[in-house]
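# Observations on the model geometry
These are the residues of each chain, in order.
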Amino acid sequence: MPQALMDLFPAALRTVLEKIPIQASDTLEEIRIREQRPLEISYGSRTSFVRADGTLTDDHRASFIPGREECRAFLERVTNHSLYAVEEELRRGFVTVSGGHRIGLAGRTVLEKGSVAYLRDIAGFNVRIARARIGFGSGVLPGLLDFKAKTIRHTLIVSAPQQGKTTLIRDLARCISSGEWNHPSAMGWGGRKVGIVDERSEIAASERGVPTFDLGPRCDVLDACPKAEGIMMMVRSLSPEIIVVDEIGRTEDAAALNEAIHAGVRVLATAHASDLEDVFARPVLSRLAADGVFGSYVLLSRSGGKVLHRIVSAEEAAAEAARRYRSRAGAAPRDAPNVRIRAPDPHAGAGDGHD
Amino acid sequence: MIKFAGILLILFAGTMIGFLQAAKFAARPRQIRQVLHALQRLETEISYGQTPLAEALSRISELVPVPMSRIFADISRSLRPEASGAGETVSECWQRAVNAGWPSTAMKEAEREAFLRLGATLGGSGREEQLKHIRLAMLQLQAEETTAREDQQRYEKLSRSLGVLGAALVVILLI
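Residues numbered from 1 in each chain as written. Chains lettered and ligands numbered in written order. Predicted model: local features only at pLDDT ≥ 70, side-chain atom pairs only at ≥ 80, totals over all residues. Heavy atoms only, no water.

This part is about the pattern of salt bridges. Residue and element names in this part refer to chain A. What the rule picks out here adds up to 32 salt bridges over all chains. For the salt bridge of R91 with E88, the shortest nitrogen-to-oxygen distance reads 2.6 Å. Residue R91 and its partner E88 are located together in helix α5 (residues 87–92), separated by three residues, close to a single helical turn. Classification of E88 by relative accessible area gives partly exposed; the value is 41%. The shortest N-O distance in the salt bridge between E202 and R102 comes to 2.7 Å. Note that E202 is positioned in the loop between β11 (194–198) and β12 (219–223) and R102 in strand β6 (residues 101–112), a separation of 100 residues in sequence. For the residue pair E202 and R102, the accessibility class agrees, reading buried in each case. (Salt bridge = Lys/Arg side-chain N within 4 Å of Asp/Glu carboxyl O. Helix = DSSP H or I, 4+ residues; strand = E, 2+ residues; numbered from the N terminus. Buried < 20%, exposed > 50% of the residue type's maximum accessible area, 1.4 Å probe, protein only.)

Structure follows, in structure tokens:
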């Protein structure tokens, strides 16, 4: 575990976490701290509770239990002793600490006019450890290339949470901006200008505006910027050739993506969905898919601690969507969509026109 | 001759004691005012700048004059992520710095109390609540400032003359 992250934990927790066996701490993914409840870690796609002497156990009764003091001190350190300065993050339920590690928060919400204003009485933390995996993207990138335009196709990376979407997109951004296309026909293309809209500060983990992860030489980062606005700002003023965004899913994101695409910018985005069916079931994503926006999809899955990827082109995705549509509509295949890709629910595609 | 030198020494010492005492009476309201200015600045940093506490305090420490600036700088230093290996909370740092630095100021127990109470709440709540706490501390300090000014008017000159007169009394008694 990175030392900077270790320093965030209050002394009592740190002594426990420092004694975790090395094979677990090397593949550590999450540390879950819940006040007055057992300390849990997840590593190499399995989970364990931690005893006070750092050994791992499956029995939660034997686990170390963080108390109120530890949690309070941890919250202070995580928020840099300034809860008032991270109100916006509290409203969204997480803070990102230096190094790009995201800390999810659980507590009591305070409402203002019916929507969440911020969190108080925070008593649960999920520390997600960010790792740069240099070379993670080089296996995927050759499958995304658009040889005619000498760049990448519009790509959506899809997976369930915690499968490595952000890690992949980070390394893809690095490969693209430094020109490591990893394909014989792409030799000599050079790097492309990459613009990253880093709403959650996870991709670049910028500190004072400077990315702490290696993103190659031709990368611009809009840190902590809302995606929709950020995409427009990028297009207007930073002339990116490829825009990278994390976790799209809201209507305004889709509108902004459409703008960018029609401005001649390639898009590399991620979304939460366990498979393509989920993509077509989510209103905004299905609308984008129906418009034929994405040229390829990357599906991530995990088995035995290894991340597997599958690249699906838009045509295959369309076929899959049509198949699904038919199986839903029963024995009425003539109603199958004649558009390239069509959402299973026609109403999902009937949103307000924005392109 | 020696007698004369002794008389001069006693007179000098008495006068000095009186002046020092008077200077303390004058310094107390001045320093309270400085703390008030510092808190006003902190209010701005929190409400408009949303500056992290460590940075806000280090900026303040450059603004206020010496005895208070040391306390602010001390707190800010121990809040910096690279320095806080021990994992102190704000209120612990605050308390330690105040206990160490307060004796070198002219301020009294009441101001210290108000200042410490503020330290126990800083950094631990949302913006609105932080501002309320700061304003409360400022109100208390303003009340102290008024009494400090009254004390100054009443006792500043008095202690100066008392010093000289006391020394004279000792001289007369000794002769």
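Bringing the pairing of strand β10 (residues 155–159) of chain A into the picture now. Residues and elements named next belong to chain A. Across the five residues that make up β10, a large majority, five, are buried. Alternating positions in β10 separate into two faces, T155, I157 and S159 on one and L156 and V158 on the other, with burial throughout. As judged from the five bridges shared by β10 and strand β14 (residues 266–272), these two strands associate in the parallel manner. Bridge assignment links L156 to a residue of β14, and that residue is A269. (Pairing = 2+ DSSP bridges.)

Residues and elements named next belong to chain B. When the terminal C-alpha atoms of helix α3 (residues 66–79) are compared, their 20 Å separation across 14 residues agrees well with the 20 Å that a helix rising 1.5 Å per residue should span. The element α3 is largely enclosed, with a buried count of ten among its 14 residues. If you follow the buried residues of α3, they end up packed against α1 (2–49), α2 (53–63), α4 (90–101) and α5 (109–121). (Expected span 1.5 Å × (residues − 1). Contact = heavy atoms within 4.5 Å.)

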